[in-house]
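Descriptive structure summary
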Amino acid sequence: MLGTRQHGLPELRFARLPGDSHLLERARAIAADMLARDPDLAAPEHVLLATATAERFGTLDRPIPA
């Protein structure tokens with residue numbers, strides 16, 4: 001019943017914070033650029049990402065905050 005895992009935080013299985021902060025910032029910038037160009041993830045190359053996002057989080061009805 002009791003454990004050490006923090007409840008409610010996303011799992012970052014391979015990230016080492018703060019050592020990997022530059023990689024996380026780069027990934028965030030790439031994602032923001034992609035959403036700026038294709039906010040509905042409707043491009044053929046984004047179909048799998050759109051499907052996975054909808055399955056995990058539901059639909060995105062508002063922009064992701066910067």
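For the structure itself, consult the block above.
What this report covers is the structure whose coordinates are included nearby.

**Points about the overall build of the chain**
- The helix and strand inventory of the chain stands at two helices and zero strands.
- Out of the 66 residues belonging to the chain, those deemed buried represent 11%.
- For the chain, the accessible area works out to roughly 6400 Å², and carbon and sulfur atoms hold 60% of it.

**Some details on unusual backbone geometry**
- If you check the backbone angles, leucine 41 has positive phi at about 50° while not being a glycine.
- For leucine 41, the location among the structural elements is in the loop between helix H1 (21-37) and helix H2 (47-57).

**Section: the side chain of histidine 46**
- Relative to the helices and strands, histidine 46 resides in the loop between H1 and H2.
- Every residue in contact with histidine 46, bar those within four places of it in the chain, is listed here: Met34, Asp38 and Leu41.

**Details of the side chain of aspartate 38**
- Within the secondary structure layout, aspartate 38 lies in the loop between H1 and H2.
- Buried charge without a partner: aspartate 38 forms no salt bridge, and the closest opposite charge is arginine 37, 7.5 Å away.
- Aside from chain neighbours lying at most four places away, what touches aspartate 38 is Ala43 and His46.

Reading the values: rules and limits
Residues numbered from 1 in each chain as written. Predicted model: local features only at pLDDT ≥ 70, side-chain atom pairs only at ≥ 80, totals over all residues. Heavy atoms only, no water. Helix = DSSP H or I, 4+ residues; strand = E, 2+ residues; numbered from the N terminus. Buried < 20%, exposed > 50% of the residue type's maximum accessible area, 1.4 Å probe, protein only. Areas by Shrake-Rupley, 256 points an atom, 1.4 Å probe, with all protein chains shown as cover. Contact = heavy atoms within 4.5 Å. Lys, Arg positive; Asp, Glu negative; His and termini not counted. Salt bridge = Lys/Arg side-chain N within 4 Å of Asp/Glu carboxyl O.

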